[in-house]
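Listed below are the residues making up each chain.
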Amino acid sequence: MSVSESVVAALVGQDVSRGSAVLMLGRSDAVLAGLERAGYEVRVERSLNDLPDVAFDPRSPLQFGAVVYCDVDAVELTAFAMRKLYCLVQPGGVIVVSLPNRERLRCDLKVAPLRILSAAGAPWMSAGRSPCTRDYGASVSSSLASDLGIVAREWSHQLRKTGFDVLDAGSRGFGPFSMGRRRLPRPVSDVVGWGMDRVAGLGGAGRFLEYRGNICTILARKPDHAGYSGRSDVTPSLGKAIHGFEVDHAAEFDRLRVWLGRNGDVVDRAVPRSDVEAVLRRCGSVVVISPHPDDELIGCGGLLLDCVDRGCRVSIVQVTDGADSQGLAGACASRKRHARSAEARRVADAMGAASVVTMELSSESLRCVGDHARELADVLVHEKPDVILTPFIHDNHADHVAANQLLLVALDLLDDALHKSIAPLVLSYEVWSFLPPIYVHPVDHVVQRKMDLFMLYPIAMEVVDYVWYCQKRDGFHSLRHLHRSGFAEAYFPLECAAYMSMVRSMVRPMVRCVGEPAFEDAGAG
């Protein structure tokens, strides 16, 4: 079966009538001709980046009944690319991925077929060679993508992780197998083909043989009940990730247990859940301290959307310019300084925040908190917040610790009269580390909007799939602390005076900056 025939065969019987028919990404005249002969209306784009930005704006979605992705061998498999695909397909729509099957074996060319057979349980064929120890069933990380090529198994894994249901995945064509940039001689190819048929389905090293042949076609469907970028439901793949979340992040949970053993008195001073709920019900103003653009969304996006919906004024302070982001590696200095702040303003606007203050500090200048605390103090005087949201002091990121130090110095700059008028509740939120979950806030009703907003942070999403991370973490909190399937954010609440005392106890003085006190991290754990 040819590539065009396999793609058309995958689409036959799929309902693409509700959208703008089929979007084809990548140029393949054979596939295009096949789709047109089958009666599909086709829109052709060279790549995802050629589509207008409005296609990925959750406020103006552009969707298709089906997306056909051809010639994907040259496309980098990033988290944001997968989310773009999810945005482009309407609920109930399908995606067909057609790609060269290049699961390359990193073994010596001459003995690779024999090693495969040996690892699959046929030692009499190994000719004294040791079995190949590579686990071919494991996913190929993005760092190896350039070395191994885009792999069919990895595509299926990423599609499931993004939210698609993979309906079918298989290879077509059995010509000589490509290995690296060389082509196997025909006799060796025959041996490899025979070995693949023999060990397919046996598990272990033979699992990768599920995808064999020259061209792999993958058919996946977006669930009917899903939104256009995130998932507001707990699907089987997400449920599995939620149940394994604590094991996957065991080191951070161990780190939290050590902190709790040393700081039990701080936990004893935490504000009870009922009191936190009472403050939030009557809250009129919230100030969010966000060390980097996207931290406010990762840590407390659901709560902020709730506050906006209740008519509460939300002000976001973006402390750094985010220039150190891996997604800006190689960018010019001007783009590094302003690109992520521009994203943060778009997110704040889409969220409905009343104001966003972009301090645009570098990570280095943030360490000299005394230079910049006055600006933050002015924001507090102007907003008079009932609640301040800030990353947890024990977060495993130096900038997040420094943001707490910045807030402490800003609060110290307020005189006694202002302290009496500004006595906010301080809610610490999670980013990369975890905290004592004294207050757990359910976000099921806004989680879809929270996940949609991540699509307005493309620079960060190119590196990490924050939608997937937040769904796992928030799903874990709901299951563990609320004892039900859903999503929830965790917070550690303290009165302002208790918060300031905690931060002082966690840090030690360092060199003053412009006459003001400043601090440095006293070390993790």
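The text that follows walks through the structure, step by step, so that each part is easy to find. (Residues numbered from 1 in each chain as written. Predicted model: local features only at pLDDT ≥ 70, side-chain atom pairs only at ≥ 80, totals over all residues. Heavy atoms only, no water.)

### Overview of the overall build of the protein
Right, so step 1: Within the protein, the regular secondary structure consists of 22 helices and 17 strands.
Right, so step 2: Every one of the 525 residues in the protein was classed for burial, and the buried ones make up 55%.
Right, so step 3: Taking the intrachain contacts of the protein between residues at least 6 apart in sequence as the baseline, contacts between residues at least 24 apart amount to 79%.
Right, so step 4: Put simply, the protein shows about 21,600 Å² of open surface, and 50% of that area lies on carbon and sulfur atoms. (Helix = DSSP H or I, 4+ residues; strand = E, 2+ residues; numbered from the N terminus. Buried < 20%, exposed > 50% of the residue type's maximum accessible area, 1.4 Å probe, protein only. Contact = heavy atoms within 4.5 Å. Areas by Shrake-Rupley, 256 points an atom, 1.4 Å probe, with all protein chains shown as cover.)

### Comments concerning the packing of helix α16 (residues 373-383) against helix α17 (residues 398-413)
Right, so step 1: Following both chains from N to C, one finds α16 and α17 inclined at 65°, their axes separated by 8 Å at the closest point. Where α16 crosses over α17, the handedness of that crossing is right-handed. In this structure, α16 uses Ala373, Arg374, Leu376, Ala377 and Leu380 to contact α17, whose residues at the interface are Leu406, Leu407, Val409, Ala410, Leu411 and Leu413. (Axes fitted to C-alpha atoms, helices over the stretch in contact; angles between N-to-C directions. Left-handed = near helix turned anticlockwise from the far one by under 90°.)

### Digging into unusual backbone geometry
Right, so step 1: The phi dihedral of glutamate 360 falls on the positive side, at around 55°, and the residue is not glycine.
Right, so step 2: Along the chain, glutamate 360 turns up in strand β11 (residues 355-361).
Right, so step 3: Overall, glutamate 360 belongs to the buried group, its relative accessible area being 13%.

### Comments concerning helix α14 (residues 333-351)
Right, so step 1: In this model, α14 (19 residues) spans 28 Å end to end at C-alpha, consistent with the 27 Å of a helix rising 1.5 Å per residue.
Right, so step 2: The principal kink in α14, of about 25°, is found at alanine 339.
Right, so step 3: Residues of α14 that are buried include every one of Ala339, Arg340, Ser341, Glu343, Ala344, Val347, Ala348 and Met351, and no others.
Right, so step 4: Contacts from the buried residues of α14 go to α13 (295-309), β10 (313-320), β11, α19 (447-453) and α20 (458-461).
Right, so step 5: Backbone geometry just after α14 places glycine 352 at a positive phi near 95°. (Expected span 1.5 Å × (residues − 1). Bend = angle between axes of the 7 residues up to and from the residue.)

### Digging into the environment of phenylalanine 64
Right, so step 1: Mapped onto the elements, phenylalanine 64 comes out in strand β3 (residues 64-69).
Right, so step 2: What makes phenylalanine 64 buried here is its relative accessible area of 1%.

### Focus on the environment of arginine 345
Right, so step 1: Within the secondary structure, arginine 345 sits in helix α14.
Right, so step 2: Counting along the chain gives twelve residues from arginine 345 to valine 357, while the straight-line C-alpha distance between them is 8.9 Å.
Right, so step 3: When neighbours within four sequence positions are excluded, arginine 345 is seen to be in contact with Val356, Thr358 and Glu360.
Right, so step 4: At 3.5 Å, the side chain of arginine 345 and the side chain of threonine 358 are in polar contact. (Polar contact = N/O pair within 3.5 Å; in protein donor to acceptor, adjacent residues only side chain to side chain.)

### Topic: the nonpolar core
Right, so step 1: Grouped together as the largest cluster of nonpolar side chains are 100 residues, with contacts concentrated most on Val286 and Leu389.
Right, so step 2: Per-element tally for this core: the top contributor is α17, with nine residues.
Right, so step 3: Residues within four places of leucine 389 in sequence aside, it is in contact with Val286, Val287, Val288, Ile289, Cys300, Leu303, Leu304, Leu427, Tyr429 and Tyr491.
Right, so step 4: Within the second largest apolar cluster, 24 residues are counted, among which are Leu25, Met82, Ile95 and Val166. (Core = buried A, V, L, I, M, F, W, Y, C linked by side-chain atoms within 4.5 Å.)

### Focus on the pattern of salt bridges
Right, so step 1: One pass over the full model with this rule turns up 16 salt bridges.
Right, so step 2: The residue arginine 449 makes a salt bridge to aspartate 309 at a minimum N-O spacing of 2.9 Å. In this pair, arginine 449 is assigned in helix α19 and aspartate 309 in helix α13, connecting sequence segments 140 residues apart.
Right, so step 3: Take arginine 449: its relative accessible area is 34%, and that puts it in the partly exposed class.
Right, so step 4: Lysine 450 serves as the salt-bridge partner of glutamate 489, at 2.8 Å between the closest nitrogen and oxygen. Here glutamate 489, found in strand β15 (residues 488-495), pairs with lysine 450, found in helix α19; they are 39 residues apart in sequence, far enough to count as distant. Residue glutamate 489 shares its accessibility class with lysine 450, and that shared class is buried.
Right, so step 5: Several salt bridges share partner residues, and in doing so they unite Glu430, Lys450, Arg473, Asp474 and Glu489 into one network. (Salt bridge = Lys/Arg side-chain N within 4 Å of Asp/Glu carboxyl O.)

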